[in-house]
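# Observations on the model geometry
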Amino acid sequence: KVDCYDIGHTSNNLVSFQLCSDDDLTEKPPVEPPVVGYLGDIAFGRYEFTSEGVHSAKFSLDVKEMRLIENDQSYLIYKHGLNVGISGDHFSGLLDQTDGILSLSVISTESGAMMKNEPLYTIYSYAYKDEAIFKSPSYTDGVAYGDVVVEKAFNSKSDKNLGTTAALVLNLWMFVVNRLQIVLKSCETGKSNVFDIDVALASWIGTDQIEGSDDGFLLYSIAEQAGAHFGKTNGEVPVNTKIIDLFNDVKTLSRSCSLSTSVYPKLRMTIDNIISQMNVPLIQNLLHYMNSLVDQNYIELYALSLLPQVAACNPSVYSFLKEHLIDADVYDTDTFPEVYSKLQSVFSCFGISCDDIGDISSISSLSTSCRNGQDSIAGYVPSSDVREFLYIDRDIVQIEIFMKMDAFETASDYFVHGHNVKEPFVYDEYLSLKEMAMDHPDIDQRPFDTFIMYNDGNRNFASDWIMEALSKSGPFQYASKEQRISFVVRAIQSIVVFTHGLRELYGAVGKCKGGIDSSVRWDRGAAILIGSNEGTERSGSPTGRGKMMFALGKEMCKHFSNCMVSGNSLNDQQLVDSLQKGLEFLESKDCDKALELIENGIRPELLVSLVQATLHFAMLNDLLSTGSTNGSLGAGFAFSQSIVPFVNLSDETSANLIGSNMNLQFIDDPVKDGAPAVFSAFATALVGIGVDCEDIGNYNGNLGLGVCSENPADTGSGTKTTLPDGTKSTSTSLADGLYTTTTYVQNRAEIALD
C-alpha cells in the first residue's frame, strides 16, 4: 500500500539509482475514501459514528508517532501529517494546502479561512491581535496564534513533548470547536450535519484510547491526566463522560434541524455546554503546573490556551492574569493564592463551576476554598442568587468585540439569541439582549411606555435600531464602522439596560402588592443595572471596564466634577443605597415605599447619568466637522434617544432641539446649533423629568457649562465660529448684524421679550 509519490527522490549522491521513475512521481494517487467502522469502537459503545468523520480519530496515530521520535522528525509530522486523509466532499477549502492529508499544523495556519467570524476563534484573535509575536504576513486571513506557539514550543528544546502538547491544546482543541460551530451553522439553515459532529468527537477521543484511561494520545487522554491531579481517579473523569453524553444530544438535535427553528437555540446551548467542559482539563492543568512548577513553559502554554476567553468576559481580570501567567519572565509561585483567587472568580467565563474542577487541596495546601460567583454587587447585597442575570454585561462586551473584528453576523447572533444568561425557567435557552429590548405586555411597562409613545407606537424601537446598526441599514446606511459600534454598545447600555432594569424593579413592586415574594425580581433589576464586571466592592471596578448604567455614572462623574474621593460617582452610591433600601421595603412588605423610592430616587438617579452623557457627547461632537466618521457621533445619538422621550413629556420644544442636534448627521454639521444650545434645552427641561440640576454638575468644572438657572450655559440659536486657538464656540448676531459676539448671549438678549 505504498506508492512512489510517498517515497520520493533520494538526495543522497552515493545512490546511483532511484526506486521510482519520474513518470511515477508526477501525480499523487487520490486518497481512497475511508471506510466507516474500520477504526473500531472509538467511543466505547456510548456513541455511534455514522459517517466518514470518524477517521479524524487518526490524529492520534500522528501524535503517537510524534511522541516516539525526536523533535525535528516530530515537527515534520506536525507540519505535514501522516494519517488523516480527507476528500473533496469535506474540508474542500483545505485540499490545496494539504495534498489530501490533514495535519495538526494546517488546522491552525488555515484558521483564518476555516474559522472566520466564529465566536471563540474571533475572541482569541481579538485578544492576540496586538501581540507582536502573532503578527506575520503569512497569516493574512486571521491570527494563527496556535501555529505560532507550537512552532516556538518545538524550537524550545526544553521538553520533546511540549510542541506536541501545544498542538493538541491549541490547534486540535479549537478545531473541535470549529467543527461544532459548523454543525450549528448548518442547523441555522435547516440542515443536519452528522459528519462534523463525528469529526469533532473523533478528534477529541482518538484511536487506541482505553475507556477511562490516560494511556491515549488526544484530548480525551489529556482530560484523564488532568482529572487525576484533582483526585478524579475512579474510572472515567466526569468531563469525558459529560462530553460524550452531550455529543449524543447534539446528534439528536442536529437531525431535527430541518423540522423546527426552535431546535437552533437548544443546539446552540448544548454545543456551548460541550465547549465549557472542554475548558475543564485546560484549567486543571494550568493550576497543576502553577502549583508544581514542573516547567514554566507549560504554565504559559495553558494560559495561552485559556485566557482570551476571560478577555471577552472580564477585561480587568484578564489583564491581571495575563501579566502574571503570560507576560512575566518567571512565574512567581508566591502569587499562587492571589492568581488562583482571580482565576476561580471567572470560572463562569468558561461556563464551569468549582465542582467541575475538583478539590484544590489535591494539588495545593491553599486553605481558601473555591467559591462560585460573588456575594455582593458593587456593594449591593442581594437576598437571592442572581449570578446569571449579572452576566448580561458579558453579552455586551462580546458583541463589541465581534463588531470590532468585523464579525457583524456573529454580533447579531449574540444580540438575538444571547450567550451568557440562561432564560429563567427555560433550561436550554438563553435570555438575550434583543428579548430585553422588546415589548413584553405581560410585565410592567414603566418606563418602556414612555419610549413607545415617543417612537410613534413602535414597541420594538430599540431592537429595530440595534439590528439596523448591526446590518448597516436604515439610519445607519452611511454610518462608519466606529459609529455603528458606539451606537450599539451605548444604546444597549442607556436604553435596553436602563428600561429593562427599571421594568424588573417596577415588576417587583407589582408582585409585592399581589402578596407574592418580590425580592428575586428586585435583585434581578439591581443585577442588570450594575453588572458583573463591577465586582463586589462598593466603588465598583477601579479599571472602569463595566458596561451597564452603574459604569456610565462612574464614567460621567469625571466630566461633571461630581466624583467622590474614591473616584466613584456620588450618584452611583446613592443608586446602590436606594436599591438596598428598596429591597428592605419589599422584604417588610412596604410596597408603596418601594414604589416611591423608584419614582423619586432610583429613576432620577439613572436619568442624571443619561443627561450627563448626552451633554458630554454634545460637547465632543460640537468639535467635529461635517462628514466625520468619529464613533462619538453614534454614542451621542444613542444617549440622546435614551433621554429625549422623557424631555418630550413636558417640553416638546427642548426635546426637538436636543434630538435634532444629536441625531447622526451626514450632511449637516454635528450639533448644528452648538453644544450650549443643548445645555440650555436641558436647563429648561430638567424640572419636567424630575432631575435636580445640581445633581448634573458643571462640565469639566466650568461654571459657564451647567444646567442650573444661576449658571446656565450660553444658549439659543446662533452660528459656530472658530476661535484663534482652533477651538469652536458659538456666536450671537445682535441687531441684525450690527454687532456679532464671539460667545453665545442670545438668551441674555431675550430679556427684551420679557
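With that settled, the discussion passes to the overall build of the protein. Summing up its helical and strand segments, the protein has 34 helices and six strands in all. By residue count, 57% of the 754 residues in the protein fall in the buried class. Partitioning the contacts of the protein with sequence separation of at least 6, the portion at a separation of at least 24 is 66%. Counting every atom, the protein has about 30900 Å² of accessible surface; 49% of that belongs to carbon and sulfur.

Under the defined criterion, the tally for this structure stands at 27 salt bridges. Of the charged contacts, one joins Lys322 and Asp327 as a salt bridge, the two residues approaching to 3.0 Å between their closest N and O atoms. A relative accessible area of 13% places Lys322 in the buried class. Judged by its relative accessible area of 42%, Asp327 is partly exposed. Linked by salt bridges that have partners in common, Arg46, Glu211 and Glu236 make up one network.

Before going further, it helps to spend a moment on the environment of Leu293. Structurally, Leu293 can be placed in the loop between α13 (263-292) and α14 (296-306). In the structure, Leu293 is positioned 40 residues away from Thr333 in sequence and 7.7 Å away in space, judged by C-alpha atoms. Once residues within four sequence positions are removed from consideration, Leu293 is found in contact with Ile299, Tyr331 and Thr333.

Once that is clear, we can look at the side chain of Gln573. Relative to the helices and strands, Gln573 is located in helix α28 (residues 570-587). The residues contacting Gln573, other than those within four sequence positions of it, are Arg538, Ser539, Met564 and Asn568.

A separate point is the nonpolar core. Within the largest apolar cluster, 118 residues are counted, with the highest numbers of intra-cluster contacts made by Trp173, Leu287 and Leu325. In terms of residue count, helix α9 (residues 162-188) provides more of this core than any other element does, 16 residues in total. If near-sequence neighbours (up to four positions away) are discounted, Leu325 is found in contact with Leu286, Met290, Ile299, Glu300, Ala303, Leu307, Tyr331 and Val339.

Turning to helix α2 (residues 59-68), its buried residues number three or more, namely Phe59, Ser60, Asp62, Val63 and Met66. Across the axial projection of α2, the buried residues extend over an arc of 155°, all falling on one side. Packed against the buried residues of α2 are α3 (71-80), β1 (84-85), β2 (101-102), α8 (145-156), α9 and α10 (194-205).

We now examine the side chain of Glu118. Tracing the chain through its elements places Glu118 in the loop between α6 (111-114) and α7 (119-128). Buried charge without a partner: Glu118 forms no salt bridge, and the closest opposite charge is Arg179, 6.5 Å away.

Below, the discussion takes up a nonpolar patch on the surface. Taken together, the side chains of Tyr478, Phe666 and Ile667 present a nonpolar region at the surface, about 380 Å² in accessible area. Examined against the element boundaries, Phe666 turns out to sit in the loop between α31 (652-662) and α32 (675-689).

Moving on: the state of the cysteines. Counted under the stated rule, the structure contains five disulfides. Here Cys187 engages in a disulfide with Cys257; their sulfurs sit 2.0 Å apart. Torsion about the S-S bond of the Cys187 and Cys257 cystine: about -100°, corresponding to left-handed handedness. Of this pair, Cys187 sits in helix α9 while Cys257 sits in the loop between α12 (238-254) and α13, and the two are 70 residues apart along the sequence. Judged by its relative accessible area of 4%, Cys257 is buried. Covalent S-S linkage joins Cys512 and Cys591, the inter-sulfur distance amounting to 1.9 Å. Here Cys512 and Cys591 share a disulfide; its torsion about the S-S bond, -75°, makes the bridge left-handed. Residue Cys512 is located in helix α25 (residues 481-513), and its partner Cys591 is located in helix α29 (residues 591-622); the two are separated by 79 residues in the primary sequence. Exposure class is identical for Cys512 and Cys591. Each is buried.

Bringing unusual backbone geometry into the picture now. Despite not being glycine, Asp456 shows a phi value in the positive range, around 55°. Along the chain, the position of Asp456 falls in the loop between α23 (448-454) and α24 (461-471). With phi around 55°, Lys472 is a residue other than glycine that occupies positive phi space. Structurally, Lys472 is set in the loop between α24 and α25. Residue Lys472 is classed as partly exposed on the basis of its relative accessible area, which comes to 36%.

This part takes up the confidence of the model for the protein. Scored by pLDDT, the protein comes out at a mean of 87, with 87% of its residues at no less than 70. Throughout residues 13-17 the model reports pLDDT below 50, and contacts reaching past four residues in sequence, or to other chains, amount to one contact.

Taken as a whole, this structure holds two cavities of 30 Å³ or more when the rule is applied. For the second largest cavity, the lining is made up of twelve residues, of which Ser108, Ser111, Tyr145, Gly146 and Met174 are closest to its centre. Looking at the lining of the second largest cavity, the elements with two or more residues in it are α5 (106-109), α8 and α9. A breakdown of the residues in the lining of the second largest cavity according to their chemical character gives eight nonpolar, four polar and no charged.

Take the packing of α29 against α32 next. The N-to-C vectors of α29 and α32 enclose an angle of 170°; their axes lie 9 Å apart at closest approach. In terms of orientation, α29 lies roughly antiparallel with respect to α32. Contacts between α29 and α32 involve Leu607, Val611, Thr614, Leu615, Ala618, Met619 and Asp622 from the first element and Ala675, Pro676, Val678, Phe679, Phe682, Leu686 and Ile689 from the second. For the contact of α29 with α32, the residue count by class is twelve nonpolar, one polar and one charged.

Time to look at the packing of aromatic side chains. Counted under the stated rule, the structure contains 27 aromatic pairs. Relative to Tyr220, the ring of Phe44 has its centre 5.5 Å away and its plane inclined at 55°; by these criteria the two rings are tilted. With Phe44 in the loop between α1 (4-7) and α2 and Tyr220 in helix α11 (residues 219-229), this residue pair connects regions lying 176 residues apart in the sequence. Each member of the pair, Phe44 together with Tyr220, is buried. With a centroid separation of 4.9 Å and an interplanar angle of 70°, the aromatic rings of Tyr47 and Phe49 are classed as edge-to-face. One aromatic cluster is present, built from ring pairs that chain together Phe448, Phe451, Phe461, Trp465, Phe476, Phe487, Phe498, Phe637 and Phe646. Above the face of the Phe408 ring, Arg484 is positioned so that its terminal group lies 4.1 Å from the ring centre. We note Arg503 situated over the ring of Phe448; from NZ or CZ to the ring centre the distance is 4.1 Å.

A word on the environment of Thr335. Turning to its location among the elements, Thr335 is positioned in the loop between α16 (315-327) and α17 (336-345). With eleven residues separating them along the chain, Thr335 and His324 place their C-alpha atoms 8.4 Å apart.

Looking only at α31, the buried set comprises Ser654, Ala655, Ile658, Gly659, Asn661 and Met662. Considering only its buried residues, α31 is in contact with α29, α30 (632-650) and α32.

Moving on: the environment of Val509. Looking at the element boundaries, Val509 is found in helix α25. With 80 residues separating them in the primary sequence, Val509 and Lys589 have C-alpha atoms 9.4 Å apart. For Val509, the residues in contact, after removing those within four places along its chain, are Trp522, Leu586, Cys591, Ala594, Leu595 and Ile598.

Calculation criteria
Residues numbered from 1 in each chain as written. Predicted model: local features only at pLDDT ≥ 70, side-chain atom pairs only at ≥ 80, totals over all residues. Heavy atoms only, no water. Helix = DSSP H or I, 4+ residues; strand = E, 2+ residues; numbered from the N terminus. Buried < 20%, exposed > 50% of the residue type's maximum accessible area, 1.4 Å probe, protein only. Contact = heavy atoms within 4.5 Å. Areas by Shrake-Rupley, 256 points an atom, 1.4 Å probe, with all protein chains shown as cover. Salt bridge = Lys/Arg side-chain N within 4 Å of Asp/Glu carboxyl O. Core = buried A, V, L, I, M, F, W, Y, C linked by side-chain atoms within 4.5 Å. Arc of directions from axis to C-beta. Lys, Arg positive; Asp, Glu negative; His and termini not counted. Patch = residues over 30% accessible without salt bridge, like charges linked within 9 Å, V, L, I, M, F, W, Y side chains within 5 Å. Disulfide = S-S within 2.5 Å. pLDDT = per-residue confidence, 0-100. 1 Å grid on protein atoms, 1.4 Å probe; cavity = no way out; pocket = protein on both sides within 12 Å on 5 of 7 lines; lining within 4 Å. Points joined across faces, edges and corners; volume = space filled by probe spheres on them. Nonpolar A, V, L, I, M, F, W, Y, C, P; charged D, E, K, R; others polar. Axes fitted to C-alpha atoms, helices over the stretch in contact; angles between N-to-C directions. Parallel < 35°, antiparallel > 145°, perpendicular 65-115°, else oblique. Phe/Tyr/Trp six-rings, centres within 6.5 Å; stacked < 30°, edge-to-face > 60°. Lys NZ or Arg CZ within 6 Å of the ring centre and 35° of its normal.

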